[in-house]
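In case you want the letters, here they are:
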Amino acid sequence: MKITSFGEVLWDNLPSGKKLGGAPLNVLVRLRALGADCAIISSRGADADGDEIQRQIEGKDVSTALLQVCPDQPTSLVEVKINNCGVATYDIVYPCAWDRITLRDEALARVAESDAFVFGSLCTRDPVTRRTLETILDRTAGTDTFKVFDVNLRQPHYTHERVLSLMKRADMAKLNDDELYELAVAFGSKHRSIDQNVRFLARLAGLERLCVTLGPHGALYFADDQMHFHTGFRVEVADTVGSGDSFLAGLIYKLLNGASPDEALDFACALGAMVATHIGPTPTIETEEIERFRHPV
């Protein structure tokens, strides 16, 4: 299984210290732990933080062959605050190195030969990186690559129109319930129920697959005009940083392996819940641990 992602690599500056992060990278780190061949398309600064971020990504066995070095912007550092419920808020400095990802032929080739390509909305805040992503998506349209749009609405770094444009280029989109309602209302939905708004947004974007995470209440997956629900797993939350990223990694992994929607949701919800019991976005979790968590004796 070959997976490529595009977007931000950064340091999450948590109360406990700096942790390697960025949603596109977090998804890959988890997929690599599950056995996939993973590569990140991004940019880091020509600085000490950039040198260390490259070392740590390589230490996670994720390819850095497509990680660019930006000479005039720093490596990204994000201030993360955690509230009493373990929920994180982010202060994302602009600009930084991943705002300057340029188009390279080797990146186009890697995406075209990948089983899945994961991209988000945050990295499109700057025109340089946005044009690069749009070109990659346009030039690889019609290939067998499964294009997954990970919606991450971070004020003030997006517009609703830009998010919808990216959604229309994807095969599947994943977002949380707050993001679902925000986008649905922005585009004129009068619906109140979550399943109605899922169908509304899916029709608007021309998507056959849409996944919505529901925090401690699990997730739903809309595919082939069918709605699949999972009520989630009850855990003691340390922090939620990276939980949604590992959920998405688990969902992609299972779907590409031919699992049913319900099996894929169960695995993804378990993985997301387990990450939430740890500090930081990418704790080490063995496959055997996931199975024991899903199927306790």
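Residues numbered from 1 in each chain as written. Predicted model: local features only at pLDDT ≥ 70, side-chain atom pairs only at ≥ 80, totals over all residues. Heavy atoms only, no water.

The name given to the protein chain in an unreviewed UniProt entry is Kinase, PfkB family, with Lautropia mirabilis ATCC 51599 as the source organism. Listed under Sequence similarities (unreviewed entry) in UniProt, the entry text for the protein chain is "Belongs to the carbohydrate kinase PfkB family." (UniProt positions renumbered as here; feature names shortened; annotations may be inferred.)

It is worth spelling out the packing of aromatic side chains at this point. Scanning the entire structure with this criterion turns up four aromatic pairs. Consider the rings of Phe 233 and Phe 293, whose centres lie 5.1 Å apart with planes at 50 degrees: the pair is tilted. You can see Phe 233 sitting in the loop between strand E13 (226-230) and helix H8 (243-256) and its partner Phe 293 sitting in helix H10 (residues 287-294), a full 60 residues away along the chain. Of the residues examined, Phe 293 reaches a relative accessible area of 26% and is grouped as partly exposed. One residue, Lys 18, lies across the ring of Trp 11, its end atom 5.2 Å from the ring centre. Geometry around Phe 267 places Lys 254 over its ring, the cationic atom sitting 4.9 Å from the centre. (Phe/Tyr/Trp six-rings, centres within 6.5 Å; stacked < 30°, edge-to-face > 60°. Helix = DSSP H or I, 4+ residues; strand = E, 2+ residues; numbered from the N terminus. Buried < 20%, exposed > 50% of the residue type's maximum accessible area, 1.4 Å probe, protein only. Lys NZ or Arg CZ within 6 Å of the ring centre and 35° of its normal.)

Reading across from one edge, E5-E4-E1-E8-E9-E10-E11-E12-E13 is the order of the nine strands in this open sheet, with mixed pairing throughout. With partners counted over all chains shown, the strands left at the sheet margins are strand E5 (67-70) and E13, one partner each. Ignoring which end each strand starts from, the neighbouring axes of this sheet average 15 degrees apart. Strand direction decides the pairing type here: strand E8 (residues 116-120) and strand E9 (residues 146-150), joined by five bridges, are parallel. (Pairing = 2+ DSSP bridges. Axes fitted to C-alpha atoms, helices over the stretch in contact; angles between N-to-C directions.)

By the element assignment, Glu 179 lies in helix H6 (residues 177-186). Distance in space between the C-alpha atoms of Glu 179 and Arg 154 is 10.0 Å, their sequence separation being 25 residues. Ignoring anything within four residues of it in the chain, the contact list for Glu 179 reads Val 151, Asn 152 and Leu 153. (Contact = heavy atoms within 4.5 Å.)

Relative to the helices and strands, Ser 243 resides in helix H8. According to the relative accessible area criterion, Ser 243 is buried, its value standing at 14%. Within the structure, the side chain of Ser 243 is placed 2.6 Å from the backbone oxygen of Gly 272, a separation counted as a polar contact. Other than its neighbours up to four places away in sequence, Ser 243 contacts Gly 272, Ala 273, Val 275 and Ala 276. (Polar contact = N/O pair within 3.5 Å; in protein donor to acceptor, adjacent residues only side chain to side chain.)

Here the focus is helix H7 (residues 194-205). Here H7 contains twelve residues, and its C-alpha end-to-end distance of 16 Å stays within 8% of the 16 Å for a straight helix at 1.5 Å per residue. Along H7, the residues classified as buried are Ile 194, Asn 197, Val 198, Phe 200, Leu 201, Ala 202 and Ala 205. On its buried side, H7 packs onto helix H5 (160-167), strand E10 (172-176), H6, strand E11 (209-213), strand E12 (219-223) and E13. Positive phi appears at Gly 206, one or two residues downstream of H7, with a value of about 70 degrees. (Expected span 1.5 Å × (residues − 1).)

Across the interface, H5 lies against H6 with an axial gap of 11 Å and an inter-helix angle of 105 degrees. The angle between the axes of H5 and H6 places the two elements in the roughly perpendicular class. Between H5 and H6, the contacting residues are His 160, Val 163 and Met 167 on the first element and Glu 182, Leu 183 and Ala 186 on the second. Per-class residue counts for the contact of H5 with H6 are four nonpolar, one polar and one charged. (Parallel < 35°, antiparallel > 145°, perpendicular 65-115°, else oblique. Nonpolar A, V, L, I, M, F, W, Y, C, P; charged D, E, K, R; others polar.)

On to the state of the cysteines, then. Scanning all chains against the criterion turns up zero disulfides. Here Cys 123 is not cross-linked by a disulfide; its sulfur's nearest cysteine counterpart is in Cys 96, at 10 Å. The class of Cys 123 is buried, set by a relative accessible area of 0%. (Disulfide = S-S within 2.5 Å.)

To continue, consider H6. Buried within H6 are the following residues: Glu 179, Leu 180, Leu 183 and Ala 184. Down the axis of H6, the smallest arc covering the buried residues is 125 degrees, so these residues share one side. In H6, the exposed residues that point more than 90 degrees away from the buried face are Asp 178 and Val 185. The inward-facing, buried residues of H6 contact H5, E10, H7 and E11. The backbone nitrogen of Asp 178 lies 3.1 Å from a side-chain oxygen of the residue at the head of H6, namely Asn 176. Just downstream of H6, Gly 188 is the residue with a positive phi angle, here 95 degrees. (Arc of directions from axis to C-beta.)

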